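# Coordinate inspection notes
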Amino acid sequence: MRCNRGVPFFWRLAQVSEMPEGPTVRRFCSLVSPFVGQQVVKVGGSTKQIALQDLMGQWIQDCQVHGKNIYVAFGGSVTPEATAEKSEEKILNDDPPSEATTTPPPDLSSLQNEEENPRRKWLRFHFGLYGSIRVNEFARAKQGNKRGDWKDPTPRLILHFSAGGFVVFYNCRILWCSSPDVEPTCDILSPEFDKEKALRALSAPRPVCIILMDQRHFSGVGNIIKNEILFLAGVHPLSLGSLLPVETLRALIDHAVSFTGEWLQSKTRGKPQHYHIYMKEYCHMGHEVVKESIGPPLGLKRLTWYCPTCQELVQRKEQE
Ligand SMILES: [Zn+2]
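What this report covers is the structure whose coordinates are included nearby. (Residues numbered from 1 in each chain as written. Predicted model: local features only at pLDDT ≥ 70, side-chain atom pairs only at ≥ 80, totals over all residues. Heavy atoms only, no water.)

This structure, assessed with the given rule, holds one cavity of 30 Å³ or more. Estimated volume of the largest cavity: approximately 30 Å³. What lines the largest cavity is simply Thr185, Cys186, Asp194, Lys197, Ala198, Ala201 and His217. Looking at the lining of the largest cavity, its residues break down into three nonpolar, two polar and two charged. (1 Å grid on protein atoms, 1.4 Å probe; cavity = no way out; pocket = protein on both sides within 12 Å on 5 of 7 lines; lining within 4 Å. Points joined across faces, edges and corners; volume = space filled by probe spheres on them. Nonpolar A, V, L, I, M, F, W, Y, C, P; charged D, E, K, R; others polar.)

Here it is in structure tokens:
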């Protein structure tokens, strides 16, 4: 019997929903991309992080995804031909690995020059728990609150476009920035992801489950991916990277790349992703799964599922 009493409310929520990870955020970006080249004619939403009127009359010039963030470029005008082609290219290239969403096409390089395009500004969207994007529809309540009221989620930002469609952003942090903070070599879904660099980061004397969640090294990896790849590689979450054999670390990185790629493909096809250990009670060998909150001493603790039999803890050998 499962008993949730004593588990903080936040963690009970976390059991049914995680913050969107790389593949999900990439899917969100593909929903916004078709609006590149369209003008914003009406703005709504509850956000206080930006002034809504700043978006009125602006054209969407670009949309990129990096790790768990989406960057949308707004400007006073667009080059219609260039944008129409680009928009099409993005839709066609939706299948992974999608260079279109990670590397700006060459024809836009001049647009990114601030001198030639002084009014181009980027909005960065970072999604929280239940963060999502809807196109031409609003999200509906999936469950009632404590009092039994069914209240639909409140949109943070709604953008209506001249062509008639609209995009709705839910539960996200929205910030203006001068340009996307891009390091594709650390982005798990980027074709430029650098496995050797990842290996160096993973070899640190820290628990691997904490290193994997570090967005500076594994941008796009979230709690579900972390749990799954540790299980697939047979690595205990608390093993120190510095104590693991290099082949094991390489296997872990390979699983990270293949699992996130597969997840993105499932997303694109609208299919659910199969999990091996995340939220499971038993592993496929029939061993009982352990669930523990693990995180850095001063940081956020995340629920971690692992099989203590299949994922043996590697410990330092006793000094002789
Ligand atoms: Zn097991």
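Okay, back to it.
Ranked by internal contacts, the top residues of the largest apolar core, which has 36 residues, are Leu202 and Phe218. The element best represented in this core is helix α7 (residues 246–268), accounting for seven residues. Those residues in contact with Leu202 that sit more than four places away from it in its chain are Val208, Ile211, Leu212, Phe218, Gly241, Ser242, Leu249, Leu252 and Ile253. Core analysis: the second largest hydrophobic core is formed by 28 residues, Phe35, Cys63, Val65 and Phe125 among them. (Core = buried A, V, L, I, M, F, W, Y, C linked by side-chain atoms within 4.5 Å. Buried < 20%, exposed > 50% of the residue type's maximum accessible area, 1.4 Å probe, protein only. Helix = DSSP H or I, 4+ residues; strand = E, 2+ residues; numbered from the N terminus. Contact = heavy atoms within 4.5 Å.)

This part is about the coordination of the zinc ion. For the zinc ion, the protein coordination sphere consists of Cys283 (SG), His287 (ND1), Cys307 (SG) and Cys310 (SG), at 2.2 to 2.3 Å. One can describe the site at the zinc ion as tetrahedral: its four donor atoms subtend angles covering 101 to 122° at the metal. Mapped onto the sequence, the donors of the zinc ion take the spacing C-x3-H-x19-C-x2-C. (Donors = N, O, S within 2.8 Å, 3.2 Å for Na, K, Ca; no water. Tetrahedral: all angles 85-135°; square planar, octahedral: opposite > 155°, others 65-115°.)

Taken as a whole, this structure holds 10 aromatic pairs when the rule is applied. Each ring, one from Phe74 and one from Trp176, has its centre 6.1 Å from the other, and the planes form 75°; the classification is edge-to-face. Separated by 102 residues along the polypeptide, Phe74 in strand β3 (residues 69–75) and Trp176 in strand β6 (residues 166–177) bring together distant segments of the chain. Here the aromatic rings of Tyr278 and Trp305 are separated by 4.9 Å at their centres, their planes lie at 70°, and the arrangement is edge-to-face. Linking Tyr278 in the loop between α7 and β7 (290–294) with Trp305 in strand β8 (residues 302–306), this pair joins segments that are 27 residues apart in sequence. Residue classification places Tyr278 among the buried positions, given a relative accessible area of 5%. (Phe/Tyr/Trp six-rings, centres within 6.5 Å; stacked < 30°, edge-to-face > 60°.)

Let us now look at the environment of Leu175. Along the chain, the position of Leu175 falls in strand β6. Taking relative accessible area as the criterion, Leu175 reaches 39% and is therefore assigned partly exposed. Linking Leu175 and Ile50, residues 125 residues apart in sequence, is a C-alpha distance of 6.9 Å. Apart from the residues lying within four places of it in its own chain, the contact partners of Leu175 are Trp122, Leu123 and Arg124.

One non-glycine residue with positive phi stands out, namely Asn136, at about 60°. Of note, Asn136 is situated in the loop between β4 (121–135) and β5 (155–161). Classification of Asn136 as partly exposed rests on a relative accessible area of 45%. The backbone of Met279 sits at a positive phi, close to 65°, despite the residue not being glycine. You can see Met279 is positioned in the loop between α7 and β7. Residue classification places Met279 among the partly exposed residues on the basis of a relative accessible area of 34%.

Moving on, we come to the sheet that holds β3. Taking strand neighbours across the sheet as the criterion, the six strands line up as β1-β5-β6-β4-β3-β2 in an open arrangement whose pairing is antiparallel. Each edge of the sheet is formed by a strand with only one pairing partner; in this case those strands are β1 (40–44) and β2 (59–66). Each adjacent strand pair in this sheet contributes to an overall mean axis angle of 40°, direction not counted. Here β5 pairs with β6 via five bridges, running antiparallel. Residue pairing across strands places His160 opposite Phe166, the latter belonging to β6. Set on the sheet, helix α2 (residues 22–32) makes contact with β2, β3, β4 and β6; between it and β4 the angle comes to about 120°. (Pairing = 2+ DSSP bridges. Axes fitted to C-alpha atoms, helices over the stretch in contact; angles between N-to-C directions.)

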